[in-house]
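# Structural description and commentary
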Amino acid sequence: MFSSNLSLDQAPPLSAPLRFFLTAPLFAIIASIFIIVNPEAMFMHKDLMTIAVVHLFTIGYFGLIMLGALQQMLPVLAGVNLPRPVVLATLSHILMVLGTLGLSFGLIYFHSIIMISSLMLFAGFAIILLPSLLLLLKGDFQNPTINGMRIAIVFGLLTVLLGVHLGLSYSNYNFSVLHQSFVDLHIAMGTMGWILVLVISVAFQVIPMFYVTPKFSKFCMKWPFLIAGIILFWGLFVFEIFTGRVVQIVGVLLFVVAMSAFASVGLKRFTQRKRPIADTTVWYWRLSLGSLLLTALVLIAKTVLVLDGLEYLVGVLFGFGFGVSVLNGMLYKIIPFLSWFHLSATGRFDIPTMRDFLPEKGAKRQFYLHLVALIALLISFFIHELLVVAGIVLLLSFLYLWFNLIQATKLYVQESKKEPVMAGGMSWN
Amino acid sequence: MNKEIFVDVRELPAPEPLEVMVNTLGELEFGAYIKMHHRQMPNMLFPILTRNGYGYFVQKGEDEVFVYIYIKKDKQIKKELEDVLK
Ligand code: HEM
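Source: prediction; values computed, not measured.

### Concerning the environment of Ala408 of chain A
All names here are of chain A.
- For Ala408, the location among the structural elements is in helix H13 (residues 387-416).
- Distance in space between the C-alpha atoms of Ala408 and Leu287 is 24 Å, their sequence separation being 121 residues.
- Those residues in contact with Ala408 that lie beyond four places of it in its chain are Ile335 and Phe357.

### So, the coordination of the iron atom of the ligand
Residue and element names in this part refer to chain A.
- Here the iron atom of the ligand is held by His55 (NE2) and His186 (NE2), and the distances to it run 1.9 Å.
- The coordination sphere of the iron atom of the ligand comprises six donor atoms, whose angles at the metal cover 85 to 179°; the geometry is octahedral. With His55 in helix H2 (residues 48-78) and His186 in helix H6 (residues 179-211), this residue pair connects regions lying 131 residues apart in the sequence.

### Thoughts on the nonpolar core
- Tyr61, Phe262 and Trp285 of chain A together with Ile69 of chain B are the most contacted members of the largest nonpolar core, which has 182 residues in total.
- Here this core takes 21 residues from helix H10 (residues 311-344) of chain A, the largest share from any one element.
- Filtering out sequence-adjacent residues up to four positions away, Ile69 of chain B remains in contact with Met21, Leu25, Leu28, Tyr33, Ile34, Leu45, Leu49, Tyr54, Gly55 and Tyr56 of chain B.
- Phe57, Tyr70, Ile77 and Leu81 of chain B belong to the second largest nonpolar core, which has eight residues in total.

### Observations regarding the packing of H6 of chain A against helix H9 (residues 280-304) of chain A
Residues and elements named next belong to chain A.
- The contact between H6 and H9 brings their axes to 13 Å, and the two run at 145°. The handedness of the crossing between H6 and H9 is left-handed. Each of Leu196, Val199, Ala203, Val206, Ile207 and Tyr211 in H6 lies in contact with H9, whose residues at this interface are Thr281, Val282, Trp285 and Leu292.
- Residue composition of the contact of H6 with H9, grouped by class: nine nonpolar, one polar and no charged.

Rules used throughout
- Residues numbered from 1 in each chain as written.
- Chains lettered and ligands numbered in written order.
- Predicted model: local features only at pLDDT ≥ 70, side-chain atom pairs only at ≥ 80, totals over all residues.
- Heavy atoms only, no water.
- Helix = DSSP H or I, 4+ residues; strand = E, 2+ residues; numbered from the N terminus.
- Contact = heavy atoms within 4.5 Å.
- Donors = N, O, S within 2.8 Å, 3.2 Å for Na, K, Ca; no water.
- Tetrahedral: all angles 85-135°; square planar, octahedral: opposite > 155°, others 65-115°.
- Core = buried A, V, L, I, M, F, W, Y, C linked by side-chain atoms within 4.5 Å.
- Buried < 20%, exposed > 50% of the residue type's maximum accessible area, 1.4 Å probe, protein only.
- Axes fitted to C-alpha atoms, helices over the stretch in contact; angles between N-to-C directions.
- Left-handed = near helix turned anticlockwise from the far one by under 90°.
- Nonpolar A, V, L, I, M, F, W, Y, C, P; charged D, E, K, R; others polar.

Listed below in structure tokens is the structure:
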């Protein structure tokens, strides 16, 4: 037994994570416009326009939302809080916004700003990730979500460090002989180590908690460690310490097994819910995990059958189908919850319900647009001319998402201006 | 003790347990306490409790958690809970 009136009283103020959630869609909107303006570039994965679009999503969307979510998850998961949350959030957010804009526009138009933008991004990530890592390292080593987050954060920081190195190369157009090895490691660490491991660790916690499913098994809980091992193995391959086609195929197959194992168990959990009410976030999770399975299939085709030019498909399925879908589902859970939570923590009990902050109807319509965008992006692989249309649907889906989030925030602001009304039993306070 | 308000939120998807608990707090009076049965540590509930003048005790099992909530100024109930939970 213990009484824990400790330091839990300092859940970060809403403004700290919210600024990340509300600005992230803007980067996806810019990316959609880039796609509409220059669709052909997307089918060439070394095109600077493509690299810019990739980072608008990986940093501007995924990075920003996960930095916001981490601040919020630390107290829930580990009972710890970042010190001076608003100062850290403000600094990190400004650096991330300027850095993402600088990197993406810099790659396309002004190479001179790539270096400073890369450094800003490193600082922006580190300001939240480093203190989070330090706090998590103190905590419980039995908790699989915390273990997974530690691994993901380490890979996130390494990805960004490698990114700074790559950014430097692009800023003075001076590429080392090992450039491609660094790029391959950057991609593997960024996608598998940072994005996948982070989503898996969050899923361990969030799927049983939000959807009342059985927990993930003890074996599943080891995935983050296994993926870390596979990335190290892959690192030895890309730096040609291990060589040969067999090593390459084994490496890719290991990634494929990890992805499909997580996706299948995750999908199964959604069939095992105690109260199977399908809200939009459930569909987002299903779409996300389904896309991850498809990514695995395409990776097999690309590597084993040596099919070239599949990078576009891998990018769409993993980045948009898996990554963006899971984030949208998370946003639709987190924003109503946080708005409600911060109002109720003020001692007011006459507040709107969580549903009121994000009506299901709007979320569902936005999901349909998202789904159509994904299908159109996939068909564009076969009919390149369609990518402009896909880009327009993509743009609309993010505009709609942003509108939904802004509506929720408006309601929060409106409600938070009302005088606190103490509920009946609270008058002793 | 028959002044217990028992709330089992184990089967509710997050964040419904929190919503239920906040509503139940309104029913709590001097001389009574709430016993909450949950699947996991309700970390987000604690700040709501402390900010609004409630105290609590936590009993943690392998896969379940019990939280006992009382009105902080109600020293009598606090003492009774302490004695029982020891
Ligand atoms: C400071 C932050 C970052 C910088 C400056 C940066 C820079 C770069 C550069 C210059 C390239 C092109 C390499 C080449 O092919 O020659 C690249 C590729 C890539 N980066 Fe980053 N990166 C950063 C963060 C990230 C993060 C966090 C991710 C997360 C997954 C990521 C994912 C990728 C991917 C997937 C590619 C391959 C793109 C393609 O080939 O089309 N990057 N990065």
